Amino acid sequence: MKPKKQFQAPKGTFDILPEDQKYWEKVRKVVKHVALGYGFERIDTPILEDAELFSLSEGETTDVVEKQMYTFRTKGGDVVALRPEGTPSIMRAYVERGMTNAPQPVKLYYLAPMFRYEQPQAGRYRQHHQAGLEVIGDQNPIYDAQIISMCIAVGVELGLKNLNVEINSLGCPKCRPAYRTQLARYFKARAPRLCKDCKRRLKYNPLRLLDCKEEQCQELKANAPNLIDSLCQECHDHFKAVLEYLDELAVPYALNPHLVRGFDYYTKTVFELFLEDEHAEGGSEKTHERSRLALGGGGRYDALGKILSGKDVPAAGAGIGMERLIGVMKKQGVKIPPLYRPEVFLAQLGAFARKKSLKLFEELRHSGIMVAESFGKDSIKAQLRSADRAGVKITLILGQKEAIDGVILMRDMETGAQESVELEKIVKVIKEKLKK
RNA sequence: GUGGGCGUAGCUCAAUUGGCAGAGCUCUCGGUUGUGGUCCGAGCGGUUGCGGGUUCAAGUCCCGUCGCUCACCCCA
C-alpha cells in the first residue's frame, strides 16, 4: 500500500541520526564542562515566548524581528514566537524569577534550539542549536573578557584549530547616537559611490555600512569616522580594560572597527568567534576576501535589562552555533569514539536456551558489562555475524545442551578459542577477561 | 525575499538519437549436524521528488510545484 504522502522534515530542519549523536554529545559535554568550570549554571527556558519580548529587545527594524520570526496567534489569542535566540528569554527569566535578589552576577548557560525563518544554506538552518552563556548583574569588563575566553575554551576542548576572535566596541546610548549621525553624514556625502545595498542601509541602519564587503564601499570605509575614536570616556575605558584582560589571558584577538552586531540591545563590547577557512586550495579565481565561518558571537548588552525591567541591569553573553561547531569538527577530522560499544555478545540456540539467556542478559547488564544480542535471530551463524559487526571481544553461546548442564561457551572473537564456563561464574570470568 | 546548479533503490551512481529502470555497497536468508570476518548464491528494496503536457513510446523533451544545494541579504 502506498502512503498518502511522502513526508519530509520541514524545510531547513533535520534529523540528528544515531551516527551523529556522538558529536552532539561531545559538544554538550564540553560546553557543560567549560560552563561549570567558570561557575555557570544551566537554565532552560520555553521555546515559545511572547513575540513582543523579541521585538522590544532586539529592535523593531532588525532582520530577525522584521522577517525571520516564527510568530503566530494561539487559540487563546496570545501572539507568541518560537525563540530566534536565547538572550531575551534569559533576561526575561532573570527579571521575572527574582534573580536580582540572588548573589550577583548570575551566571547561566543553556543548550537549546532556535528558530529563524530564512533561506537555508550551508551551515544555516531554520531550526538550529545554540550554546549560550550569560553573565547578568555586573558591569565589570572582566566578564566581557571571560566570556570570550570561554568561547575559545569550548573550541580548544573540542580540538578545533584556526579559531579567531574579532572584537569591537559599539559604545553606549550616550556616545553611539552622535557617532551614528556623524557616520551617516559622511556616507550621505558619498552616497553615489556606495553599492546598492549600502544605499538602503544608509537609510535605516548606517552602522551596518561598516561590514559591507563590496570593494567600492571598502575604500570609502577606510576614511570613515572610527567608532572607537568617538567612544565616551566610560566606554573607552571599558574597552581598554577588556583588551587588557584578554592580553592577560593570552587570548588571541584582532580589533575590527567594522564589526557590528545586529541587535539593538548591544552596548560596548561586541565580538565574533570565527574560523579562518583554508579550503581555497583549488581556487582558480582570486577569492579576494578570505572566507570566514562565524561560529558564534556576543557581547555586552547593558541596554536589555532596562528595556525589560525598567532598571539598569548590566550583562554580557555569547552564543555559539552547535551545527557549525560540529561541521568544523568533522571537517578538521576530530575523532570521537562511538557512544555504543558493546563488549560482549550473548547468543542463544533453541527455545529453552533463549528463555534462559534473557535472565543472563539482565545479570550481565546489572554487573556493568555492555552486552549486545540478537534475540530475534535463530541461527548461530546469523548471531555470530551480528557479534562480529558489533565488534565485541567475547561472544557467549548458550545452546540447548549448555543450558541444561548449567554452563555456557565463551568464545574469544579474535582467536576463535572457546571454553566452557559454569553459568554461576560467568560474570566473574568475563570481568577478568575484559580487564586484559 | 532574489539568482544559479541539482533531484533515479537506504547510500554512491549508471541507463546511447526518447525504446523493457540497472550495478556496487548496505540489509535479510542460504552455501546439509551448533560457529563470525573472506568467498559464492539468492532475496528485499523504485509509480525515476510530486503534478501536468508533448509523443506510438518520457528517467530522458516542455511547464508548474516541492525539496536539496550554492551565492546574495543576514547570521549561528
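These numbers were taken from a predicted model, which means no experiment stands behind them.

**A look at the packing of helix H1 (residues 21-37) against helix H5 (residues 141-157)**
Piece 1. Look at H1 against H5: their axes get within 9 Å of each other, and the N-to-C directions meet at 140 degrees. Judged by the angle between their axes, H1 and H5 are oblique. The handedness of the crossing between H1 and H5 is right-handed. The segment H1 lies against H5, with Lys-26, Val-30, Val-31, His-33, Val-34 and Ala-35 engaging Met-150, Ala-153, Val-154 and Glu-157.
Piece 2. The class makeup of the residues in the contact of H1 with H5 is seven nonpolar, one polar and two charged.

**A few points about the sheet that holds strand E5 (residues 106-115)**
As a general point, the strands of a sheet are linked pairwise by backbone hydrogen bonds and lie either parallel or antiparallel.
Piece 1. Strands sit in the order E1-E5-E6-E11-E10-E9-E7-E8 across an open sheet of eight strands; the sheet is mixed. With partners counted over all chains shown, the strands left at the sheet margins are strand E1 (41-42) and strand E8 (254-255), one partner each.
Piece 2. Relative to E5, E1 is paired through two bridges, and the arrangement is parallel. Looking across to E5, one finds that Glu-41 is bridged to Leu-108.

**Brief notes about the environment of Asp-247**
Piece 1. With respect to the helices and strands, the residue Asp-247 is situated in helix H9 (residues 233-249).
Piece 2. Of the residues examined, Asp-247 reaches a relative accessible area of 49% and is grouped as partly exposed.
Piece 3. Taking the C-alpha atoms as reference points, Asp-247 and Pro-177, 70 residues apart in sequence, are found 30 Å from one another.

**A short note on a negative patch on the surface**
Piece 1. Taken together, the side chains of Asp-50, Glu-52, Glu-60, Glu-66 and Asp-78 make up a negatively charged region of the molecular surface.
Piece 2. With respect to the helices, strands and loops of the structure, Asp-50 is situated in strand E2 (residues 48-50).
Piece 3. Residue classification places Asp-50 among the partly exposed positions, given a relative accessible area of 45%.

**Things to note about the domain arrangement of chain A**
Piece 1. According to the domain assignment, chain A contains domain 1 (18-175 + 231-331) and domain 2 (344-435).
Piece 2. Between the C-alpha centres of domain 1 and domain 2 the distance comes to 50 Å.

**Looking at the pattern of salt bridges**
For side chains of opposite charge, pairing can occur when their charged atoms come near one another.
Piece 1. Counted by the stated rule, this structure contains 21 salt bridges.
Piece 2. Linking Glu-234 and Lys-174 is a salt bridge whose minimum nitrogen-to-oxygen distance equals 3.1 Å. With a gap of 60 residues between them, Glu-234 in helix H9 and Lys-174 in the loop between strand E7 (163-169) and helix H6 (176-189) connect regions that are remote in the sequence.
Piece 3. On the basis of relative accessible area, Lys-174 is assigned to the exposed category, the value being 62%.
Piece 4. Residues Arg-365 and Glu-362 are paired through a salt bridge, measuring 3.6 Å at the closest nitrogen-oxygen approach. Pair noted here: Arg-365 and Glu-362 are both in helix H12 (residues 351-366), with a separation of three residues, about one helical turn.
Piece 5. Since its relative accessible area comes to 45%, Arg-365 is described here as partly exposed.
Piece 6. According to the relative accessible area criterion, Glu-362 is partly exposed, its value standing at 34%.

**Thoughts on the packing of helix H2 (residues 51-58) against helix H4 (residues 87-96)**
Piece 1. The N-to-C vectors of H2 and H4 enclose an angle of 105 degrees; their axes lie 9 Å apart at closest approach. In terms of their interaxial angle, H2 and H4 are classed as roughly perpendicular. Each of Leu-53, Phe-54, Ser-57 and Glu-58 in H2 lies in contact with H4, whose residues at this interface are Pro-88, Ser-89 and Arg-92.
Piece 2. Residues of the contact of H2 with H4, tallied by class, amount to three nonpolar, two polar and two charged.

**A closer look at the sheet that holds strand E16 (residues 418-422)**
Piece 1. Read from one edge of the open sheet, five strands run E13-E12-E14-E15-E16, paired in mixed fashion. Two strands bound the open sheet, and with one partner strand each, they are strand E13 (371-373) and E16. Sheet twist, expressed as the average angle between the axes of neighbouring strands with direction ignored, equals 30 degrees.
Piece 2. Sheet topology places strand E14 (residues 394-398) next to strand E15 (residues 407-412); four bridges connect them, and they run antiparallel. Among the inter-strand pairings, Thr-395 is bridged to a residue of E15, identified as Arg-411.
Piece 3. Against the sheet, helix H13 (residues 380-390) makes contact with strand E12 (344-348), E14 and E15, and its axis sits at roughly 170 degrees relative to E12, the strand it touches most.

**Thoughts on unusual backbone geometry**
Piece 1. Of note, the bond from Gln-104 into Pro-105 is cis; its omega dihedral lies within 30 degrees of zero at -5 degrees.
Piece 2. Topologically, Pro-105 is positioned in the loop between H4 and E5.
Piece 3. In this structure, Asn-162 is a non-glycine residue whose phi angle is positive, near 65 degrees.
Piece 4. Of note, Asn-162 is situated in the loop between H5 and E7.
Piece 5. Given a relative accessible area of 37%, Asn-162 falls into the partly exposed group.
Piece 6. Unlike most non-glycine residues, Ala-250 shows phi in positive territory, near 60 degrees.
Piece 7. Within the secondary structure layout, Ala-250 lies in the loop between H9 and E8.

Procedures and definitions
Residues numbered from 1 in each chain as written. Chains lettered and ligands numbered in written order. Predicted model: local features only at pLDDT ≥ 70, side-chain atom pairs only at ≥ 80, totals over all residues. Heavy atoms only, no water. Axes fitted to C-alpha atoms, helices over the stretch in contact; angles between N-to-C directions. Helix = DSSP H or I, 4+ residues; strand = E, 2+ residues; numbered from the N terminus. Parallel < 35°, antiparallel > 145°, perpendicular 65-115°, else oblique. Left-handed = near helix turned anticlockwise from the far one by under 90°. Contact = heavy atoms within 4.5 Å. Nonpolar A, V, L, I, M, F, W, Y, C, P; charged D, E, K, R; others polar. Pairing = 2+ DSSP bridges. Buried < 20%, exposed > 50% of the residue type's maximum accessible area, 1.4 Å probe, protein only. Patch = residues over 30% accessible without salt bridge, like charges linked within 9 Å, V, L, I, M, F, W, Y side chains within 5 Å. Areas by Shrake-Rupley, 256 points an atom, 1.4 Å probe, with all protein chains shown as cover. Salt bridge = Lys/Arg side-chain N within 4 Å of Asp/Glu carboxyl O. Lys, Arg positive; Asp, Glu negative; His and termini not counted. Charge placed at Lys NZ, Arg CZ, Asp CG, Glu CD. Domains from an automatic or database assignment.

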